Amino acid sequence: DDLTGISLLGFVADGGAVDTVTLQSTEQRTARIEGPEGHGLEGARVNCVEAGPGSRYWSALVDDSGNADIRLPRSSLTCEVTPPGNRRDLAQRYFEVAADDDLFFWLDYGEQIAGVVELLGKPQAFALLEVHSAAGTLLGRVVTGEAGRFSIHVLVEDSVSTTTDL
């Protein structure tokens, strides 16, 4: 049998035996990604994560027409859209997507936040830095360079906070 686009999701019952196995299909969908000028953003990346057990993950690159073909289930997803490398002026964005929502995402200009992550006065290489709004919404993630430096563009709401995972 052809199981293309089928994901196996199992649950472990008491005693370690598989209790229920559900085959949940995915389907080919097209996501549209545009920049502030209203044009497609070739080279942007779309990463989607499904809530729930297993946290399945899908990723696609945007083609020269501004579209990304991606196999996804019809379920609630969180999609992260990262601008192409040549558009560092745009902010990374996160979108909550319901099962039947159209996959239309847009990126806008962001404000740059830059600096150095230090621990006990020493720069921290390859630390994961998250930028959150005052309401706790994740606005962006970045990994510091070898000298602990980072730079990220985010859509700034009222105020932002940062957390670092060293």
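Right above here is the structure, for reference.
The structure contained in this document is the topic of the report that follows. (Residues numbered from 1 in each chain as written. Predicted model: local features only at pLDDT ≥ 70, side-chain atom pairs only at ≥ 80, totals over all residues. Heavy atoms only, no water.)

Spatial strand order, E5-E4-E7-E8: 4 strands in an open sheet with antiparallel pairing. Edge positions in the sheet fall to strand E5 (57–61) and strand E8 (93–97), since each has one partner strand and no second. Pairwise comparison of adjacent strand axes, ignoring direction, gives a mean angle of 20° for this sheet. For strand E4 (residues 45–50) and strand E7 (residues 77–82), the ladder comprises 6 bridges, and the chain directions are antiparallel. (Pairing = 2+ DSSP bridges. Helix = DSSP H or I, 4+ residues; strand = E, 2+ residues; numbered from the N terminus. Axes fitted to C-alpha atoms, helices over the stretch in contact; angles between N-to-C directions.)

Right, let's get into the state of the cysteines. Taken as a whole and judged by the stated rule, the model has 1 disulfide. Two residues, Cys-48 and Cys-79, share a disulfide whose sulfurs are 2.2 Å apart. Because the sign of the S-S torsion sets the handedness, a value of about 105° for the bond joining Cys-48 and Cys-79 places this disulfide among the right-handed ones. With Cys-48 in strand E4 and Cys-79 in strand E7, the pair connects residues that are 31 residues apart, well separated along the chain. You can call Cys-48 buried: its relative accessible area is 1%. We classify Cys-79 as buried; its relative accessible area is 0%. (Disulfide = S-S within 2.5 Å. Buried < 20%, exposed > 50% of the residue type's maximum accessible area, 1.4 Å probe, protein only.)

Bringing the sheet that holds strand E3 (residues 27–34) into the picture now. Adjacent strands of a sheet pair through backbone hydrogen bonds, lying either parallel or antiparallel. On the basis of which strands lie adjacent, the open sheet formed by 3 strands has the order E6-E3-E9 and mixed pairing. Taken across any chain shown, the strands that pair with only one partner, and hence form the sheet edges, are strand E6 (67–72) and strand E9 (104–106). For this sheet, the mean angle separating the axes of adjacent strands, direction not counted, is 30°. Note: E3 against E6, 6 bridges, orientation antiparallel. In the strand pairing of E6, Glu-27 is matched with Leu-72.

Before going further, it helps to spend a moment on the environment of Asp-108. As for its placement among the helices and strands, Asp-108 is situated in the loop between E9 and strand E10 (111–116). Taking the relative accessible area as the measure of exposure, Asp-108 reaches 33% and is therefore partly exposed. The sequence separation of Asp-108 and Glu-37 amounts to 71 residues, and the corresponding C-alpha distance is 8.8 Å. Leaving out residues up to four positions away in the same chain, Asp-108 has contacts with Pro-36, Asp-89, Leu-90, Ala-91 and Leu-155. (Contact = heavy atoms within 4.5 Å.)

Turning to the pattern of salt bridges, a few remarks are in order. All told, the structure shown has 7 salt bridges when counted by the stated rule. Measuring nitrogen to oxygen at the nearest pair gives 3.1 Å for the salt bridge that ties Glu-34 to Arg-32. Take Glu-34: its relative accessible area is 17%, and that puts it in the buried class. Ionic pairing is found between Arg-141 and Glu-130, a salt bridge with its closest N-O pair at 3.1 Å. Of this pair, Arg-141 sits in strand E14 (residues 138–143) while Glu-130 is found in strand E13 (residues 128–133), placing the two residues 11 residues apart along the sequence. Arg-141 gets classed as partly exposed once you look at its relative accessible area, which sits at 34%. You can call Glu-130 buried: its relative accessible area is 18%. (Salt bridge = Lys/Arg side-chain N within 4 Å of Asp/Glu carboxyl O.)

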